[in-house]
Amino acid sequence: MRKETENNLVLQTFDNEFNIVVAGPILNYDSAAFLQNLQKELSTNITKINFVADGIGQWDSSFLAVMYGVVGLAQSRGIECDISAMPQNVRDLVGLAYAVDRKPTHGGGKKLPFLEKLGKNTLDILQKTSDVMDFLGKIGSAVGRFFTFRSIMRRIDFCAALEDCGPKSIGIVSLISFLVGLILAFVGAIQLQTFGAQIYVASLVTIGMCRIMGAIMVGIIMAGRTGSSYAATIGTMQVNEELDALQTMGLSKIDFLVLPRLLALLIAMPILTILADFMGMIGGAFVGVFMMDLPYQEYWKYAFNAFNLENFLVGVFHGFCFGIIIAVCGCYSGLNCGRDADSVGVATTQSVVRAIVWMIVATGIITVICMELGI
Amino acid sequence: MKNEIAIEAKNLSVGYGDYVLLHDADYQVNKGDIFIIMGGSGCGKSSMLRVLTGLIEPLKGTVIINGVDMVTAKREEVQRIREKSGILYQSGALFSSMTLAENIMLPLQQYSDYSPQTIRELAELKLALVGLKGFGDFYPSEISGGMKKRAGLARALALDPDIVYFDEPSAGLDPISSHNLDDLIIEINRSLGTTIVVVTHELASIFAIGTNSIFLDANTKTIMAKGNPRELLKNPPNKEVSEFLTRGEKKK
Ligand SMILES: Nc1ncnc2c1ncn2[C@@H]1O[C@H](COP(=O)(O)OP(=O)(O)O)[C@@H](O)[C@H]1O
Ligand SMILES: [Mg+2]
């Protein structure tokens, strides 16, 4: 279609005047190319541009874009532009386009120069650090309110959160830790077999799962499953202005949204960790008994001999700490979400990444402390 | 001038599954009309709009748009009609990860063969038409609700649609912004010749812009009245319509 209407705009120059002759329908016209061409043709002594109608037919937005561009160009160069020969509705639309009723008061989506950005980011980090401290402090006092029975937390919210991270997580946690136990046993077995010491697979799996692997696996599953859902739910509430509603009603966001989720995870995580420990051991036994033909009773004897209450409690303690980390990261990301759909995605990602990073850091710290204490 | 028909609903039933909102509706929208779909809350105005725009299927009957039967026609033909219609959703429905200009450029990039510069110029033009000149680089989160609606309208107009649909354009706007938007709707209707379908219960808008209308009723699940809203106000066919259209006066 462009080919057909390409020649329907004709440029003519007379002394100081410039004519744009509209000689037919203008549809799907390449207005950018036309305007570029016009800029070249428009010599400095031109004082007036006329639009001349010579059998104007159908037109679409591309014709409006031409007119809009020409009128704008004429204005910027102080050239008179006569569009009176154009149809009434076209003139109305061009008038409408130039009848600006407001101007941007601030620049939108502007890119900052490097140094300014560096400074801004540094300040942002300092600000964020103090925000996080503030958030943790508020959680602390909310927990305090809870134990002195002054919290406004709704029991139903807590139950819903507990159901979600308790019973509804059992399936996936069991499956994954069973498989992890299986893999652990398998990898260990190949090495231990060379010394004929394959029975120690039982010890390996027990110690590995109870001390750390159970808690880590549960932490990663729950960060992906529950922490991210906290961030998405609370983030969407931000987008829907529900958080603003809470704030203006004078209800504490922490009591109302964070506390039930935090308490639910604090209860569920140690229990899920214990579940993961045992499922891992069963996974190990599966490999030991069915694939390596170790005697069933022998296997469990070694497994229980390796079981050590201190290891087990350290693992459960890990689970407890991970619960705090997941809930805090999820809720913090959600509460600090932006106000559009994109930000909810960002908040969800951040909640998982932050939770996993802090879980690893926490594991390191706990390990060092245990080493010092000789556990 | 002979009135050509833009949209024709025949025996149209609207609803969800077994839940019928409207039985056997028949109506016509002429080209160049500003057609109002009015009625109380929950009577199925938005659902009717969803049927017209193809978001849900009618339970029964059919919709004919520009001579194409939307229920029986081939996919490509339906798609061609959809490209030629623009929709303004209640909150603008702008994509938050794109600037206003990018929002408007998206349908142009998808469905037209303009050069990139021309697409940019067209986006600028459409923004200027709705009074948002110079806001092209803003993100939706950086502008007000009324401006979002205008930007949504600019996007709806991107492909020079034959028909533009509005769902509650005045919802969430102050009376002045709402009035300005009405003026813009009239201007676009008059200058571009676009057929416009508006769902609204805002009386000021109904009388200011409507050239034709249907009144949906939730109790009888029928179209209770049709015609120019000002005529309907003068000669209301029944009590419900008259009550609905004089709502505003009682308060004063
Ligand atoms: N997706 C859906 N499924 C089932 N029922 C719906 C759905 N969307 C809307 N409804 C019902 O249809 C009725 C009419 O809704 P709607 O068309 O939005 O009304 P209006 O826009 O006139 O206020 C309401 O009672 C609503 O509950
Ligand atoms: Mg509605």
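Residues numbered from 1 in each chain as written. Chains lettered and ligands numbered in written order. Predicted model: local features only at pLDDT ≥ 70, side-chain atom pairs only at ≥ 80, totals over all residues. Heavy atoms only, no water.

Residues and elements named next belong to chain B. Among the structural elements, D167 can be located in strand 7 (residues 163–167). No salt bridge is formed by the buried D167, whose closest oppositely charged neighbour, R50, lies at an N-O distance of 5.8 Å. At 3.2 Å, the side chain of D167 forms a polar contact with the side chain of S46. With residues up to four places along the chain from it excluded, the contact list for D167 reads S46, L49, L88, Y89, Q90 and V199. (Helix = DSSP H or I, 4+ residues; strand = E, 2+ residues; numbered from the N terminus. Buried < 20%, exposed > 50% of the residue type's maximum accessible area, 1.4 Å probe, protein only. Lys, Arg positive; Asp, Glu negative; His and termini not counted. Salt bridge = Lys/Arg side-chain N within 4 Å of Asp/Glu carboxyl O. Polar contact = N/O pair within 3.5 Å; in protein donor to acceptor, adjacent residues only side chain to side chain. Contact = heavy atoms within 4.5 Å.)

Attention now goes to the domain arrangement of chain B. All names here are of chain B. Structurally, chain B comprises domain 1 (1–84 + 161–176 + 194–252) and domain 2 (92–159). Distance from the C-alpha centre of domain 1 to the C-alpha centre of domain 2: 26 Å. Counting residues at the interface gives 11 residues for domain 1, matched by eight residues for domain 2. For the interface between domain 1 and domain 2, the tally reads zero salt bridges. Of the residues belonging to the side of domain 1 that touches domain 2, the class tally is six nonpolar, two polar and three charged. (Domains from an automatic or database assignment. Nonpolar A, V, L, I, M, F, W, Y, C, P; charged D, E, K, R; others polar.)

Taken domain by domain, chain A comprises domain 1 (2–97) and domain 2 (137–373). Its C-alpha centre places domain 1 of chain A at a distance of 68 Å from the equivalent point of domain 2 of chain A.

The next thing to look at is the environment of B:P58. In this structure, B:P58 sits in the loop between helix 1 (45–52) and strand 4 (60–65). When near neighbours in sequence (up to four residues on either side) are disregarded, B:P58 contacts B:L12, B:S13, B:V51 and B:V71.

So, about the interface of chain A and chain B. Listed as interface residues are 33 residues of chain A and, on the opposing side, 30 residues of chain B. Summing both partners gives a buried area of about 2800 Å² for chain A against chain B, and 57% of it is carried by carbon and sulfur. Remark: the boundary between chain A and chain B carries zero salt bridges. Between the two partners, chain A and chain B, sit 10 residue pairs in polar contact (both at pLDDT 80 or more). If you list the elements that add at least two residues to the side of chain A that touches chain B, you get helix 2 (31–41), helix 3 (61–77), helix 4 (88–98) and helix 13 (341–373) of chain A. Of the residues contributing to the side of chain A that touches chain B, the split by class is 14 nonpolar, 10 polar and nine charged. (Buried area = accessible area lost by both parts, 1.4 Å probe.)

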